[in-house]
Amino acid sequence: MARLTILEFPDPRLRTRAVAVEKFDGALQRLIADMLETMYAAPGIGLAATQVNVHRALLVMDTSQEKNQPQVYINPELLSRDGLEVSEEGCLSVPNFFEQVERPARVRVRAQNPDGSVFERDLEGLDAVCLQHEMDHLAGKLFVDYLSSLKRERIRRRLEKEQKERREHPGAAPASPARSAARVI
Ligand code: ZN
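The structure contained in this document is the topic of the report that follows. (Residues numbered from 1 in each chain as written. Predicted model: local features only at pLDDT ≥ 70, side-chain atom pairs only at ≥ 80, totals over all residues. Heavy atoms only, no water.)

As a further point, take the sheet that holds strand E6 (residues 106-112). Reading across the sheet, the five strands line up as E1-E2-E3-E6-E7 and stay open at both edges, with antiparallel pairing between neighbours. Both outer strands of the open sheet, strand E1 (46-48) and strand E7 (118-124), are each paired with one neighbouring strand and no more. Put simply, the sheet's adjacent strands are angled 40 degrees from each other on average, direction ignored. Strand direction decides the pairing type here: strand E2 (residues 58-61) and strand E3 (residues 71-82), joined by four bridges, are antiparallel. Bridging across to E3, Leu58 finds its partner in Ile74. Here helix H1 (residues 26-41) sits on the sheet and contacts E1, E2 and E3; the angle it forms with E2, its principal contact strand, is near 40 degrees. (Pairing = 2+ DSSP bridges. Helix = DSSP H or I, 4+ residues; strand = E, 2+ residues; numbered from the N terminus. Axes fitted to C-alpha atoms, helices over the stretch in contact; angles between N-to-C directions. Contact = heavy atoms within 4.5 Å.)

The next subject is helix H2 (residues 125-138). An ideal rise of 1.5 Å per residue puts 20 Å on 14 residues; H2 measures up with 21 Å between its terminal C-alpha atoms. In terms of residue burial, H2 counts as a mostly covered element, since eleven of its 14 residues are buried. Buried residues of H2: Ala128, Val129, Cys130, Leu131, Gln132, His133, Glu134, Met135, Asp136, His137 and Leu138, and no others. Remark: Gly140 follows H2 within two positions and exhibits a positive phi of approximately 80 degrees. (Expected span 1.5 Å × (residues − 1). Buried < 20%, exposed > 50% of the residue type's maximum accessible area, 1.4 Å probe, protein only.)

With an omega of 10 degrees, the peptide bond running from Phe9 to Pro10 counts as cis. By secondary structure assignment, the location of Pro10 is in the segment before H1. A positive phi angle, near 75 degrees, is found at Asn96, a position not held by glycine. Here Asn96 lies in strand E5 (residues 94-103). With relative accessibility at 27%, the residue Asn96 sits in the partly exposed group.

In the structure shown here, the tally under the stated rule is 18 salt bridges. Notably, a salt bridge pairs Glu8 with Arg166, separated by 3.0 Å at the nearest N-O pair. Residue Glu8 is located in the segment before H1, and its partner Arg166 is located in helix H3 (residues 149-168); the two are separated by 158 residues in the primary sequence. The closest approach of N and O atoms between Arg106 and Asp82, which form a salt bridge, is 3.1 Å. Here Arg106, found in strand E6, pairs with Asp82, found in strand E3; they are 24 residues apart in sequence, far enough to count as distant. Classification of Arg106 by relative accessible area gives partly exposed; the value is 35%. Connected through shared salt-bridge partners, Glu77, Arg108, Arg110, Glu120 and Asp122 make up one network. (Salt bridge = Lys/Arg side-chain N within 4 Å of Asp/Glu carboxyl O.)

Here it is as structure tokens:
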């Protein structure tokens, strides 16, 4: 397995729309294993292929306390949405920023397993937030898109400055860690 590099906002590659996964082969199984390793190491509770510069409709997540219940969704589509809920979100591609985002509270999703078989599942709470956040990534959308343009600009400038400092001082200590890994999706 290998850890993959996570793209960071405002990298334009994060705006790419993923295309459907068609081959459920060994390469796909390796990608899933690498994405899970990368997500757990980050640490985060969800990761979309878009974030590791693979533009295929695939996402992984694990919202369990023990980090032992990986979920894989391939070619996911929402069948229904119900209610609205506001919750705090962070993102591995927008490090160290947390903002309130409103989304449907409950969703029903249809997706494929790593072997290609189709399943449907009802999600709510953190699972619903995480799935919708990751499906946005597959559509080239980021949680900062839900914020005011002023706030988004402020985040963009801060991250560009940090990215520039990292390029110029590659050995320097990383920025302070996220205050709550539990909401980093
Ligand atoms: Zn994210």
